[in-house]
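What follows is the residue order along each chain.
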Amino acid sequence: VDTPVSYVCDLSNGQKRLTRYWDYAITAVQATDPSQDIFANARTAPLANHVSSCAFSYTPGTASVYGMVNLTLSFTRGGETITLMREITVENDL
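In this report, the structure presented in the accompanying data block is examined. (Residues numbered from 1 in each chain as written. Predicted model: local features only at pLDDT ≥ 70, side-chain atom pairs only at ≥ 80, totals over all residues. Heavy atoms only, no water.)

### Notes on unusual backbone geometry
Counted only if it meets this: A helix here means a DSSP run of H or I that spans at least four residues, while a strand means a run of E at least two residues long, and both kinds are numbered starting from the N terminus. Burial classification: accessible surface area is computed with a 1.4 Å probe over protein chains only, and a residue below 20% of its type maximum counts as buried, one above 50% as exposed, and the rest as partly exposed.
Of note, the phi angle at D23 is positive, near 65 degrees, even though the residue is not glycine. Along the chain, D23 falls in the loop between β2 (17–22) and β3 (43–49). Take D23: its relative accessible area is 42%, and that puts it in the partly exposed class. Look at H50: it is not a glycine, yet its phi comes out positive at around 65 degrees. Turning to its location among the elements, H50 is positioned in the loop between β3 and β4 (51–59).

### Regarding the sheet that holds strand β1 (residues 5–10)
Put simply, the test is: Only when DSSP finds a minimum of two bridges between them are two strands counted as paired. Axes here mean lines fitted to C-alpha atoms, for a helix over just the part in contact, with angles spanning 0 to 180 degrees between N-to-C directions.
Taking strand neighbours across the sheet as the criterion, the three strands line up as β1-β2-β3 in an open arrangement whose pairing is antiparallel. Looking along the sheet, the strands with just one partner apiece sit at the ends: β1 and β3. Neighbouring strand axes in the sheet, compared pairwise and without regard to direction, differ in orientation by 25 degrees on average.

Function cannot be inferred from these measures alone, as they are strictly geometric.
Structure representation (structure tokens):
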């Protein structure tokens, strides 16, 4: 990895935004809060507004079973909500 990239949901203080962060230092622990110092000088790009909930999860694979990434995003506007879900297979590199 040369530089990390983070996709961060900020649901605090009425932000309700999904933002891409890049061009910041690699750390031992993945930053998830946009107010963390690691993101202070990062480059950013807003990806979505009206985000009402989001979840990103990774289930590691084994020698015989692929890993899995799950993404779930919900958007609310005008009293209506839509939820998008994507499941991505991660091939083992064993």
